[in-house]
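Below, each chain spelled out in residue letters.
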Amino acid sequence: MTDRRKDVAAAVLTGAVVLLFLITWQSDLGNRWGALAITVAGICTCALGRSLARTAMVLGAVAGVLAIVSLVTGSLTVIALLVLVDVLLWATSLARHGRALPVA
């Protein structure tokens, strides 16, 4: 998969993470289900990357801790922080590539 396709796929998955958060926030299905779905989508997004940048590693570690805490507690605040970190990871990836989001 080329970098352009990976960028588009990561953008779609990051959008899905934000959408899943909004669904979790508005629904009565339970926060842990939303946390699980967001964690899985975030892992899929990270699987597309191959960055060894220190910023990405720190954000990835923070995301891992937040994912575990959100699954254990079901706290909507922690889930929101997880989504924020996931979006930051995506943004750092785009910034590292030195270009804007490619048009499909």
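Residues numbered from 1 in each chain as written. Predicted model: local features only at pLDDT ≥ 70, side-chain atom pairs only at ≥ 80, totals over all residues. Heavy atoms only, no water.

Q: Hey, could you run me through the overall build of the protein chain in this one?
A: Counting its secondary structure elements, the protein chain contains four helices and zero strands. The order of α-helices and β-strands along the protein chain, N terminus first, is α-α-α-α. By the burial criterion, 31% of the 104 residues in the protein chain qualify as buried. Long-range contacts, defined as pairs at least 24 residues apart, comprise 77% of the intrachain contacts of the protein chain with a sequence gap of at least 6. Total accessible area on the protein chain stands at roughly 6,500 Å², and carbon and sulfur atoms take up 72% of it. (Helix = DSSP H or I, 4+ residues; strand = E, 2+ residues; numbered from the N terminus. Buried < 20%, exposed > 50% of the residue type's maximum accessible area, 1.4 Å probe, protein only. Contact = heavy atoms within 4.5 Å. Areas by Shrake-Rupley, 256 points an atom, 1.4 Å probe, with all protein chains shown as cover.)

Q: Where do I start with helix H1 (residues 3-26) in this structure?
A: The periodicity of an α-helix, 3.6 residues per turn, causes residues three or four places apart in sequence to face the same way. The terminal C-alpha atoms of H1 lie 34 Å apart, and with 24 residues this matches the ideal 34 Å at 1.5 Å per residue to within 8%. Along H1, the positions that sit buried rather than exposed are Asp 7, Ala 10, Ala 11, Thr 14, Val 17, Phe 21 and Thr 24. (Expected span 1.5 Å × (residues − 1).)

Q: Got a minute to help me understand the state of the cysteines in this structure?
A: Here a disulfide denotes one covalent bond, and it connects the sulfur atoms of two cysteines. A full pass over the atoms with the stated rule returns zero disulfides. A disulfide-free cysteine, Cys 44 has its sulfur positioned 9.5 Å from the sulfur of Cys 46, the nearest such atom. (Disulfide = S-S within 2.5 Å.)

Q: Any chance you could explain the nonpolar core here in plain terms?
A: Formed by 17 residues in total, the largest nonpolar core has its most connected members in Ile 38, Leu 82, Val 85 and Leu 89. Elements with a minimum of two residues in this core: H1, helix H2 (31-47), helix H3 (54-73) and helix H4 (76-97). (Core = buried A, V, L, I, M, F, W, Y, C linked by side-chain atoms within 4.5 Å.)

Q: Even after reading the chapter, I still don't get the side chain of Thr 14, so can you show me in this structure?
A: Tracing the backbone shows Thr 14 in helix H1. Taking relative accessible area as the criterion, Thr 14 reaches 4% and is therefore assigned buried. With residues near it in sequence (within four places) discarded, Thr 14 still touches Thr 45, Asp 86, Val 87 and Trp 90.

Q: So what exactly am I meant to see when it comes to the layout of surface pockets here?
A: With a probe scaled to a water molecule rolled over the atoms, the places where space remains empty come into view. Roughly 160 Å³ of volume is contained in the second largest pocket. Residue lining of the second largest pocket: 13 residues in total, with Thr 39, Gly 42, Ile 43, Ala 63 and Leu 82 positioned closest to the centre. Those elements giving two or more residues to the lining of the second largest pocket turn out to be H2, H3 and H4. In terms of residue count, the dominant contributor to the lining of the second largest pocket is H2 (five residues). Tallied by class, residues from the lining of the second largest pocket come to eight nonpolar, four polar and one charged. (1 Å grid on protein atoms, 1.4 Å probe; cavity = no way out; pocket = protein on both sides within 12 Å on 5 of 7 lines; lining within 4 Å. Points joined across faces, edges and corners; volume = space filled by probe spheres on them. Nonpolar A, V, L, I, M, F, W, Y, C, P; charged D, E, K, R; others polar.)

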